[in-house]
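Close look at the chain arrangement
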Amino acid sequence: MHIGDDIGYACEGVSEKLTSIDFSGQKITFTKIVGERPLGGCPICLSGNTLIDTPNGNINVKELKKGMLVVTSDRLGYRQPAIILKIGKARVPPTHKMVHLVLDDGRELFASQGHPTADGRIFGDVKSGDVIGNSYVKSIELVPYGDGYTYDILPSGDTGFYWANKILVGSTLK
């Protein structure tokens, strides 16, 4: 674990962040944060097998680091390189379910229900027949998620958008 890692379930409105490690005294300190449950469900991130577009090809979201380059979209829809400003990794309960989105052009994505689309919706509100990334939604269903964490990034730029499995998505990070 690293300073800043979260061991709580923000979904229930409780989060515990690692705030200090004292190796000589063999003591670690966590700060408990109690707040509101996130709108649209929780956690609000992508699956651990998601590939993120970078100028050098696709990279698994788990391998990304702050300061690396990814591809974003500006407000006019033009692709451009961006620096990762923040990385999000949220612990999920064993009962967590993900939205499995399949587009008619073959692209697919596993995202938490509250994760934002690039057009301002959340994946939990998307229905079959809707349009995402210039393609119709062929199928969408809630499925069990077997990984212990979900992931998100915040790229620089004016939108905070990035491509996840070739689908333009928003970020939950600020």
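Notes on the structure in this doc start here. All chains use their own residue numbering, which begins from 1 and follows the written sequence. In view of the model being predicted, local features appear only for residues whose pLDDT reaches at least 70, and side-chain atom pairs are presented and counted only at 80 or more, with totals across whole chains, interfaces and linings using the full set of residues. Where side-chain values are given, they derive from all heavy atoms of the structure, hydrogens and water being excluded.

**Looking at the overall build of the protein chain**
Counting its regular elements, the protein chain contains zero helices and 13 strands. Across the protein chain, helices and strands are ordered from the amino to the carboxyl terminus as β-β-β-β-β-β-β-β-β-β-β-β-β. In the protein chain, which comprises 174 residues, the share counted as buried stands at 40%. Long-range contacts, defined as pairs at least 24 residues apart, comprise 55% of the intrachain contacts of the protein chain with a sequence gap of at least 6. Numbering of helices and strands runs from the N terminus; a helix is a DSSP stretch of H or I covering at least four residues, while a strand is a stretch of E covering at least two. Burial status follows relative accessibility: with a 1.4 Å probe on protein chains alone, a residue under 20% of its type maximum counts as buried, one over 50% as exposed, and anything between as partly exposed. Two residues form a contact once any of their heavy atoms are found within 4.5 Å.

**Topic: the sheet that holds strand β10 (residues 135-144)**
Two strands pair if DSSP finds at least two bridges between them. Strand order in this open sheet of four strands is β8-β7-β10-β9, and the pairing throughout is antiparallel. Strand pairing shows two members of the sheet lacking a second neighbour, β8 (108-111) and β9 (131-132), which therefore form its edges. Here β9 pairs with β10 via two bridges, running antiparallel. Across the sheet, valine 131 pairs through a bridge with tyrosine 136, a residue of β10.

**Considering the side chain of serine 112**
Inspection of the secondary structure puts serine 112 in the loop between β8 and β9. N or O atoms within 3.5 Å of each other form a polar contact, as long as, within protein, one can give a hydrogen and the other can take it, and as long as residues adjacent in sequence are counted only when both atoms are side-chain atoms. Side-chain polar atoms of serine 112 contact the side chain of histidine 96, separated by 3.1 Å.

**Digging into the packing of aromatic side chains**
Two aromatic rings from Phe, Tyr or Trp, using only the six-membered ring of Trp, form a pair when their centres are within 6.5 Å; if the ring planes differ by under 30 degrees the pair is stacked, by over 60 it is edge-to-face, and anything between is tilted. Per the stated rule, a full pass over the model turns up zero aromatic pairs. Over the ring of tyrosine 149 we find lysine 89; its NZ or CZ atom is 4.3 Å from the centre of that ring. When the NZ atom of lysine or the CZ atom of arginine is within 6 Å of a ring's centre and also within 35 degrees of its normal, the charge is said to sit over that ring.

**Observations regarding the side chain of histidine 115**
Mapped onto the elements of the fold, histidine 115 is located in the loop between β8 and β9. A polar side-chain atom of histidine 115 sits 2.8 Å from the main-chain carbonyl oxygen of glycine 170. With sequence-adjacent residues up to four places away left out, histidine 115 is seen in contact with Ile44, Cys45, Leu46, Arg121, Ile122, Phe123, Asp152, Tyr162, Val169, Gly170 and Thr172.

**Regarding the pairing of strand β3 (residues 51-54)**
When β3 meets strand β4 (residues 57-60), the two strands line up antiparallel, connected through four bridges. Within the sheet, the bridge partner assigned to isoleucine 52 lies in β4 and is isoleucine 59. The hairpin formed by β3 and β4 contains two residues between the paired strands.

**Observations regarding unusual backbone geometry**
The phi dihedral of asparagine 134 falls on the positive side, at around 60°, and the residue is not glycine. Inspection of the secondary structure puts asparagine 134 in the loop between β9 and β10. Phi at lysine 166 takes a positive value of approximately 70°, unusual for a residue other than glycine. Turning to its location among the elements, lysine 166 is positioned in the loop between β12 (162-164) and β13 (167-169). With a relative accessible area of 41%, lysine 166 lands in the partly exposed category.

**Observations concerning the nonpolar core**
If you look at soluble globular proteins, the nonpolar side chains tend to sit buried side by side. In this description, a nonpolar core means a group of buried Ala, Val, Leu, Ile, Met, Phe, Trp, Tyr and Cys residues linked to one another through side-chain atoms lying within 4.5 Å. Ranked by size, the top nonpolar core spans 21 residues in total, and within it Ile52, Leu109 and Phe123 carry the most contacts. Looking at this core, the elements with two or more residues in it are β7 (97-103), β8, β11 (149-155), β12 and β13. At three residues, the largest contribution of residues to this core is made by β7. With residues up to four places along the chain from it excluded, the contact list for leucine 109 reads Leu46, Thr50, Val99, His100, Leu101, Phe123, Ala164, Asn165, Ile167 and Val169.

**Quick look at the environment of isoleucine 153**
Structurally, the position occupied by isoleucine 153 is in strand β11. The contacts of isoleucine 153, once residues within four sequence positions are left out, are Ile52, Leu64, Val70, Ile84, Lys86, Ile87, Tyr162, Ser171 and Leu173.

**Examining the environment of arginine 121**
Within the fold, arginine 121 resides in the loop between β8 and β9. A residue is classified by how much of its surface remains accessible, and arginine 121, at 23% relative accessible area, is partly exposed. Separated by 48 residues in sequence, arginine 121 and valine 169 have C-alpha atoms that sit 9.9 Å apart. Excluding its chain neighbours within four sequence positions, the residues that come into contact with arginine 121 are His115, Pro116, Val126, Asp130, Val131 and Ile132. Of the polar contacts made by the side chain of arginine 121, one reaches the side chain of aspartate 130; its length is 3.1 Å.

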